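These are the residues of each chain, in order.
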Amino acid sequence: MDNPSQPIFNSATLTANIIAALAQVREQKPLVVNITNYVVMNNTANALLAIGASPIMTHSRQEMAEMMQISGSLVINIGTLDNEWIQRMQFAVEQANANNKPIVLDPVGCGASVLRTHTARTLAAKANNLIIRGNASEIIALAGETSQTKGVDALDSSDTALVAAQTLVAQYQANVVISGEVDYVVTASQTIRLRNGHHMMPYVTGMGCSLTALTGAFAAIGETSGLAATAIYAIVGEIAAEQSAGPATLQLNIIDGLYQISAEQIQQRLNMAVVAS
Ligand SMILES: Nc1ncnc2c1ncn2[C@@H]1O[C@H](COP(=O)(O)OP(=O)(O)OP(=O)(O)O)[C@@H](O)[C@H]1O
Ligand SMILES: Cc1ncsc1CCO
Ligand SMILES: [Mg+2]
(Lines give C-alpha, C1' and ligand atoms only; values in the text may rest on other atoms or scores of the structure.)
(Ligands and ions follow the chains in the order given, each with its own letter.)
Protein backbone atom coordinates (compact mmCIF):
# COMPACT_ATOMS: atom_id res chain seq x y z
CA MET A 1 0.00 0.00 0.00
CA ASP A 2 2.75 2.37 0.94
CA ASN A 3 5.54 2.85 -1.54
CA PRO A 4 8.98 4.43 -1.32
CA SER A 5 7.82 7.51 -3.23
CA GLN A 6 5.49 8.40 -0.35
CA PRO A 7 6.56 11.41 1.69
CA ILE A 8 8.56 10.84 4.84
CA PHE A 9 7.18 12.75 7.83
CA ASN A 10 8.91 14.12 10.90
CA SER A 11 7.53 13.65 14.43
CA ALA A 12 5.71 16.99 14.56
CA THR A 13 3.86 16.29 11.32
CA LEU A 14 3.08 12.74 12.39
CA THR A 15 1.62 14.01 15.69
CA ALA A 16 -0.54 16.54 13.86
CA ASN A 17 -1.69 13.78 11.49
CA ILE A 18 -2.68 11.52 14.42
CA ILE A 19 -4.75 14.29 16.02
CA ALA A 20 -6.38 15.20 12.70
CA ALA A 21 -7.21 11.55 12.02
CA LEU A 22 -8.96 11.26 15.40
CA ALA A 23 -11.10 14.30 14.62
CA GLN A 24 -11.96 12.81 11.24
CA VAL A 25 -13.05 9.47 12.71
CA ARG A 26 -15.27 11.26 15.21
CA GLU A 27 -16.75 13.44 12.50
CA GLN A 28 -17.22 10.82 9.78
CA LYS A 29 -18.20 7.87 12.01
CA PRO A 30 -17.07 5.32 9.40
CA LEU A 31 -18.70 1.92 9.17
CA VAL A 32 -16.23 -0.84 10.00
CA VAL A 33 -17.15 -4.41 9.04
CA ASN A 34 -15.63 -6.97 11.41
CA ILE A 35 -15.23 -10.71 11.14
CA THR A 36 -13.71 -11.31 14.51
CA ASN A 37 -13.48 -13.90 17.26
CA TYR A 38 -16.10 -14.89 19.80
CA VAL A 39 -13.94 -13.78 22.73
CA VAL A 40 -13.74 -10.09 21.83
CA MET A 41 -16.77 -9.22 19.71
CA ASN A 42 -18.43 -7.09 22.39
CA ASN A 43 -15.20 -5.39 23.46
CA THR A 44 -14.10 -4.45 19.98
CA ALA A 45 -17.56 -3.18 19.01
CA ASN A 46 -17.53 -0.97 22.11
CA ALA A 47 -13.99 0.24 21.38
CA LEU A 48 -15.07 1.24 17.87
CA LEU A 49 -18.15 3.06 19.14
CA ALA A 50 -16.16 4.85 21.83
CA ILE A 51 -13.65 6.26 19.34
CA GLY A 52 -16.54 7.46 17.18
CA ALA A 53 -16.76 4.75 14.51
CA SER A 54 -19.71 2.55 13.62
CA PRO A 55 -19.05 -1.19 13.97
CA ILE A 56 -20.89 -4.13 12.54
CA MET A 57 -19.98 -7.70 13.40
CA THR A 58 -21.02 -9.98 10.58
CA HIS A 59 -19.89 -13.17 8.92
CA SER A 60 -22.58 -14.36 6.55
CA ARG A 61 -21.57 -14.74 2.91
CA GLN A 62 -25.09 -13.75 1.97
CA GLU A 63 -24.68 -10.13 3.06
CA MET A 64 -20.94 -9.57 2.72
CA ALA A 65 -21.06 -8.14 -0.83
CA GLU A 66 -23.59 -5.50 0.26
CA MET A 67 -21.69 -4.78 3.47
CA MET A 68 -18.42 -4.15 1.69
CA GLN A 69 -20.07 -1.69 -0.67
CA ILE A 70 -21.04 0.60 2.20
CA SER A 71 -18.22 -0.12 4.64
CA GLY A 72 -15.13 2.02 5.07
CA SER A 73 -12.92 -0.96 5.81
CA LEU A 74 -12.80 -4.67 6.65
CA VAL A 75 -11.30 -6.11 9.84
CA ILE A 76 -10.42 -9.80 9.79
CA ASN A 77 -9.39 -11.45 13.06
CA ILE A 78 -8.62 -15.18 12.99
CA GLY A 79 -8.89 -15.68 16.77
CA THR A 80 -11.49 -18.45 16.81
CA LEU A 81 -11.04 -20.07 13.46
CA ASP A 82 -12.68 -23.01 11.72
CA ASN A 83 -13.12 -24.11 8.13
CA GLU A 84 -16.42 -22.39 7.58
CA TRP A 85 -15.09 -19.11 8.94
CA ILE A 86 -12.00 -19.34 6.73
CA GLN A 87 -14.18 -19.45 3.62
CA ARG A 88 -16.21 -16.51 4.87
CA MET A 89 -13.05 -14.54 5.55
CA GLN A 90 -11.72 -15.25 2.08
CA PHE A 91 -14.99 -14.14 0.51
CA ALA A 92 -15.02 -10.97 2.60
CA VAL A 93 -11.46 -10.14 1.48
CA GLU A 94 -12.52 -10.64 -2.15
CA GLN A 95 -15.44 -8.26 -1.62
CA ALA A 96 -13.22 -5.66 0.06
CA ASN A 97 -10.81 -5.91 -2.87
CA ALA A 98 -13.65 -5.54 -5.37
CA ASN A 99 -14.75 -2.35 -3.60
CA ASN A 100 -11.23 -1.03 -3.09
CA LYS A 101 -11.56 -1.01 0.71
CA PRO A 102 -8.62 -1.36 3.11
CA ILE A 103 -8.31 -4.62 5.03
CA VAL A 104 -6.83 -5.02 8.50
CA LEU A 105 -5.67 -8.52 9.37
CA ASP A 106 -5.07 -9.71 12.93
CA PRO A 107 -3.20 -13.01 12.66
CA VAL A 108 -4.18 -14.14 16.17
CA GLY A 109 -2.14 -17.13 17.30
CA CYS A 110 -0.16 -17.28 14.05
CA GLY A 111 2.63 -19.76 14.69
CA ALA A 112 0.66 -21.64 17.35
CA SER A 113 -0.91 -23.98 14.78
CA VAL A 114 -0.50 -24.79 11.10
CA LEU A 115 -4.15 -23.83 10.56
CA ARG A 116 -3.61 -20.31 11.89
CA THR A 117 -0.31 -19.75 10.11
CA HIS A 118 -1.58 -21.06 6.77
CA THR A 119 -4.86 -19.12 6.98
CA ALA A 120 -3.18 -15.85 7.90
CA ARG A 121 -0.78 -16.19 4.97
CA THR A 122 -3.56 -17.06 2.53
CA LEU A 123 -5.63 -14.06 3.60
CA ALA A 124 -2.64 -11.72 3.50
CA ALA A 125 -1.78 -12.87 -0.02
CA LYS A 126 -5.35 -12.25 -1.18
CA ALA A 127 -5.76 -8.76 0.29
CA ASN A 128 -4.95 -5.81 -1.97
CA ASN A 129 -4.95 -2.93 0.53
CA LEU A 130 -3.52 -4.57 3.62
CA ILE A 131 -2.53 -3.56 7.13
CA ILE A 132 -1.29 -6.35 9.39
CA ARG A 133 -1.51 -5.84 13.19
CA GLY A 134 -0.10 -8.52 15.43
CA ASN A 135 2.06 -9.10 18.46
CA ALA A 136 5.74 -9.85 17.92
CA SER A 137 5.39 -13.64 17.93
CA GLU A 138 2.58 -13.51 15.38
CA ILE A 139 4.48 -11.17 13.06
CA ILE A 140 7.60 -13.36 13.27
CA ALA A 141 5.62 -16.53 12.51
CA LEU A 142 3.68 -14.91 9.66
CA ALA A 143 6.96 -13.97 7.98
CA GLY A 144 8.20 -17.56 8.24
CA GLU A 145 10.75 -17.06 10.98
CA THR A 146 10.79 -19.14 14.15
CA SER A 147 8.69 -17.53 16.88
CA GLN A 148 8.11 -18.38 20.52
CA THR A 149 4.36 -18.13 20.50
CA LYS A 150 2.26 -19.53 23.35
CA GLY A 151 -1.29 -19.62 22.02
CA VAL A 152 -2.41 -16.05 21.51
CA ASP A 153 0.20 -14.42 23.78
CA ALA A 154 3.58 -13.17 22.58
CA LEU A 155 6.85 -14.45 24.01
CA ASP A 156 9.05 -12.39 21.70
CA SER A 157 9.93 -8.70 22.01
CA SER A 158 8.80 -6.21 19.37
CA ASP A 159 12.43 -5.44 18.49
CA THR A 160 13.05 -9.02 17.42
CA ALA A 161 10.08 -8.81 15.02
CA LEU A 162 11.32 -5.80 13.04
CA VAL A 163 13.03 -7.78 10.28
CA ALA A 164 9.95 -9.98 9.95
CA ALA A 165 7.75 -6.89 9.70
CA GLN A 166 9.92 -5.54 6.89
CA THR A 167 9.66 -8.90 5.12
CA LEU A 168 5.85 -8.70 5.34
CA VAL A 169 5.80 -5.09 4.09
CA ALA A 170 7.68 -6.19 0.97
CA GLN A 171 5.93 -9.53 0.48
CA TYR A 172 2.35 -8.28 0.77
CA GLN A 173 2.80 -4.54 -0.01
CA ALA A 174 1.31 -4.09 3.45
CA ASN A 175 1.80 -1.78 6.39
CA VAL A 176 2.60 -3.64 9.59
CA VAL A 177 2.00 -2.84 13.26
CA ILE A 178 3.91 -4.83 15.87
CA SER A 179 2.37 -4.40 19.34
CA GLY A 180 3.85 -5.14 22.74
CA GLU A 181 5.73 -3.27 25.46
CA VAL A 182 7.03 -1.20 22.56
CA ASP A 183 4.90 -0.77 19.43
CA TYR A 184 6.32 -0.36 15.93
CA VAL A 185 4.59 0.92 12.82
CA VAL A 186 6.47 -0.34 9.79
CA THR A 187 5.76 0.92 6.26
CA ALA A 188 7.80 0.87 3.07
CA SER A 189 9.00 4.40 3.80
CA GLN A 190 9.33 4.61 7.60
CA THR A 191 9.65 2.68 10.84
CA ILE A 192 8.12 4.45 13.84
CA ARG A 193 8.57 3.38 17.46
CA LEU A 194 5.99 4.13 20.14
CA ARG A 195 6.70 3.77 23.83
CA ASN A 196 3.26 4.25 25.32
CA GLY A 197 0.89 1.71 26.87
CA HIS A 198 1.01 0.01 30.27
CA HIS A 199 2.23 -3.34 31.58
CA MET A 200 -1.30 -4.10 32.87
CA MET A 201 -2.69 -4.19 29.32
CA PRO A 202 -1.76 -7.82 28.51
CA TYR A 203 -3.77 -8.92 31.57
CA VAL A 204 -6.99 -8.12 29.69
CA THR A 205 -7.98 -10.38 26.80
CA GLY A 206 -8.43 -8.81 23.40
CA MET A 207 -6.40 -5.66 23.94
CA GLY A 208 -4.65 -6.32 20.66
CA CYS A 209 -7.92 -7.23 18.96
CA SER A 210 -9.34 -3.82 19.93
CA LEU A 211 -6.25 -2.14 18.51
CA THR A 212 -6.80 -4.05 15.27
CA ALA A 213 -10.45 -2.96 15.14
CA LEU A 214 -9.46 0.68 15.76
CA THR A 215 -6.88 0.37 12.99
CA GLY A 216 -9.86 -0.45 10.77
CA ALA A 217 -11.65 2.74 11.86
CA PHE A 218 -8.64 4.89 10.95
CA ALA A 219 -8.04 3.02 7.69
CA ALA A 220 -11.65 3.81 6.76
CA ILE A 221 -10.92 7.55 6.85
CA GLY A 222 -7.68 7.08 4.88
CA GLU A 223 -5.13 6.72 7.70
CA THR A 224 -3.82 3.39 6.45
CA SER A 225 -0.39 3.36 8.11
CA GLY A 226 -1.71 2.03 11.44
CA LEU A 227 0.03 4.85 13.31
CA ALA A 228 -2.96 6.86 14.59
CA ALA A 229 -4.76 3.84 16.05
CA THR A 230 -1.59 2.45 17.61
CA ALA A 231 -0.56 5.74 19.20
CA ILE A 232 -4.00 6.69 20.48
CA TYR A 233 -4.80 3.24 21.84
CA ALA A 234 -1.56 2.92 23.78
CA ILE A 235 -1.97 6.42 25.25
CA VAL A 236 -5.54 5.61 26.26
CA GLY A 237 -4.36 2.33 27.82
CA GLU A 238 -1.66 4.16 29.74
CA ILE A 239 -4.03 6.78 31.17
CA ALA A 240 -6.71 4.13 31.91
CA ALA A 241 -4.26 1.85 33.73
CA GLU A 242 -3.16 4.68 36.00
CA GLN A 243 -6.80 4.91 37.15
CA SER A 244 -7.42 1.14 37.42
CA ALA A 245 -7.06 -1.23 40.37
CA GLY A 246 -6.73 -4.20 38.03
CA PRO A 247 -7.63 -5.70 34.64
CA ALA A 248 -11.41 -5.61 35.09
CA THR A 249 -11.57 -1.86 35.63
CA LEU A 250 -8.86 -1.33 33.04
CA GLN A 251 -11.10 -2.90 30.41
CA LEU A 252 -13.91 -0.47 31.25
CA ASN A 253 -11.63 2.54 31.66
CA ILE A 254 -10.17 1.98 28.19
CA ILE A 255 -13.62 2.32 26.65
CA ASP A 256 -14.17 5.54 28.60
CA GLY A 257 -10.69 6.71 27.63
CA LEU A 258 -11.31 6.17 23.92
CA TYR A 259 -14.40 8.33 24.25
CA GLN A 260 -12.57 11.06 26.20
CA ILE A 261 -9.09 11.18 24.64
CA SER A 262 -8.19 14.72 23.61
CA ALA A 263 -5.66 16.33 21.29
CA GLU A 264 -3.93 17.82 24.36
CA GLN A 265 -3.52 14.40 25.99
CA ILE A 266 -2.06 13.03 22.78
CA GLN A 267 0.40 15.94 22.58
CA GLN A 268 1.43 15.48 26.21
CA ARG A 269 1.75 11.69 26.28
CA LEU A 270 2.91 10.64 22.83
CA ASN A 271 6.32 8.97 23.09
CA MET A 272 7.19 8.50 19.43
CA ALA A 273 10.38 8.31 17.42
CA VAL A 274 11.06 7.78 13.74
CA VAL A 275 13.74 5.09 13.90
CA ALA A 276 14.22 4.47 10.19
CA SER A 277 13.22 6.18 6.96
N1 LIG B 1 4.20 -4.65 28.54
C2 LIG B 1 3.48 -3.68 27.97
N3 LIG B 1 3.71 -2.39 28.28
C4 LIG B 1 3.00 -1.41 27.70
N5 LIG B 1 2.02 -1.62 26.81
C6 LIG B 1 1.74 -2.88 26.44
C7 LIG B 1 2.45 -3.98 26.99
N8 LIG B 1 1.99 -5.11 26.42
C9 LIG B 1 1.02 -4.74 25.57
N10 LIG B 1 0.86 -3.39 25.56
C11 LIG B 1 -0.11 -2.63 24.79
O12 LIG B 1 -1.28 -3.42 24.71
C13 LIG B 1 -1.91 -3.30 23.43
C14 LIG B 1 -2.14 -4.69 22.85
O15 LIG B 1 -0.90 -5.25 22.49
P16 LIG B 1 -0.54 -6.79 22.66
O17 LIG B 1 0.79 -6.96 21.99
O18 LIG B 1 -0.66 -7.21 24.06
O19 LIG B 1 -1.66 -7.45 21.76
P20 LIG B 1 -2.03 -8.98 21.55
O21 LIG B 1 -0.96 -9.87 22.08
O22 LIG B 1 -2.42 -9.16 20.14
O23 LIG B 1 -3.33 -9.07 22.47
P24 LIG B 1 -4.63 -10.01 22.33
O25 LIG B 1 -4.28 -11.18 21.47
O26 LIG B 1 -4.99 -10.41 23.73
O27 LIG B 1 -5.69 -9.19 21.70
C28 LIG B 1 -1.01 -2.38 22.62
O29 LIG B 1 -1.57 -1.08 22.66
C30 LIG B 1 0.33 -2.39 23.35
O31 LIG B 1 1.00 -1.16 23.23
C1 LIG C 1 -8.05 -15.77 24.28
C2 LIG C 1 -8.35 -15.88 22.84
N3 LIG C 1 -8.44 -17.10 22.24
C4 LIG C 1 -8.73 -17.01 20.95
S5 LIG C 1 -8.91 -15.43 20.39
C6 LIG C 1 -8.60 -14.82 21.95
C7 LIG C 1 -8.64 -13.36 22.23
C8 LIG C 1 -7.29 -12.75 22.35
O9 LIG C 1 -6.55 -12.81 21.19
MG1 LIG D 1 -3.58 -10.64 19.41
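Residues numbered from 1 in each chain as written. Chains lettered and ligands numbered in written order. Predicted model: local features only at pLDDT ≥ 70, side-chain atom pairs only at ≥ 80, totals over all residues. Heavy atoms only, no water.

K.L.:
An account of the nonpolar core is needed here, citing residue identities and associated values.
P.N.:
Core analysis: the largest hydrophobic core is formed by 48 residues, its most contacted members being Ile18, Ile51, Phe218, Ile232, Ile254, Leu258 and Ile261. Breaking this core down by element, the ones donating at least two residues are α1 (11-28), α2 (41-51), β8 (191-194), α8 (207-220), α9 (227-242) and α10 (247-260). The element best represented in this core is α9, accounting for 11 residues. Among all residues touching isoleucine 232, those that are not within four sequence positions of it are Ile18, Leu22, Ile51, Phe218, Ile261 and Ile266. (Core = buried A, V, L, I, M, F, W, Y, C linked by side-chain atoms within 4.5 Å. Buried < 20%, exposed > 50% of the residue type's maximum accessible area, 1.4 Å probe, protein only. Helix = DSSP H or I, 4+ residues; strand = E, 2+ residues; numbered from the N terminus. Contact = heavy atoms within 4.5 Å.)

K.L.:
Give me α8: which residues, what numbers.
P.N.:
Over its 14 residues, α8 runs 20 Å from end to end, which matches the ideal 20 Å to within 8%, given 1.5 Å per residue. Of all the 14 residues making up α8, 12 are buried; the element is thus mostly covered by neighbouring parts of the structure. Among the residues of α8, those classed as buried are Met207, Cys209, Ser210, Leu211, Thr212, Ala213, Leu214, Thr215, Gly216, Ala217, Phe218 and Ala219. Positive phi shows up at glycine 222, right after α8, with a value of about 100°. (Expected span 1.5 Å × (residues − 1).)

K.L.:
Could you give me a rundown of the pairing of strand β5 (residues 130-135), with the residues and numbers involved?
P.N.:
Counting buried residues along β5, 6 of its 6 residues qualify, which places the element largely inside the surrounding structure. Where burial is concerned, the two faces of β5 agree: the one with Leu130, Ile132 and Gly134 and the one with Ile131, Arg133 and Asn135 are both buried. Between the parallel pair strand β4 (residues 103-106) and β5, the chain is carried across by helix α5 (residues 114-126), and the sense of this crossover is right-handed. Pairing of β5 with strand β6 (residues 175-179), which is carried by 5 bridges, proceeds in the parallel orientation. (Right-handed = clockwise from strand over helix to strand, strands pointing away. Pairing = 2+ DSSP bridges.)

K.L.:
A description of the layout of surface pockets should follow, citing residues and the corresponding values.
P.N.:
In this structure, the largest pocket encloses a volume near 1000 Å³. Surrounding the largest pocket, 40 residues form its lining, Asn135, Ser179, Gly180, Pro202 and Met207 being those nearest its centre. Counting residues per element, the ones that place at least two in the lining of the largest pocket are β5, α6 (136-142), α8 and α9. Ranked by the residues each element gives to the lining of the largest pocket, the list is headed by α8, at 4 residues. Its residues placed into classes, the lining of the largest pocket shows 15 nonpolar, 16 polar and 9 charged. (1 Å grid on protein atoms, 1.4 Å probe; cavity = no way out; pocket = protein on both sides within 12 Å on 5 of 7 lines; lining within 4 Å. Points joined across faces, edges and corners; volume = space filled by probe spheres on them. Nonpolar A, V, L, I, M, F, W, Y, C, P; charged D, E, K, R; others polar.)

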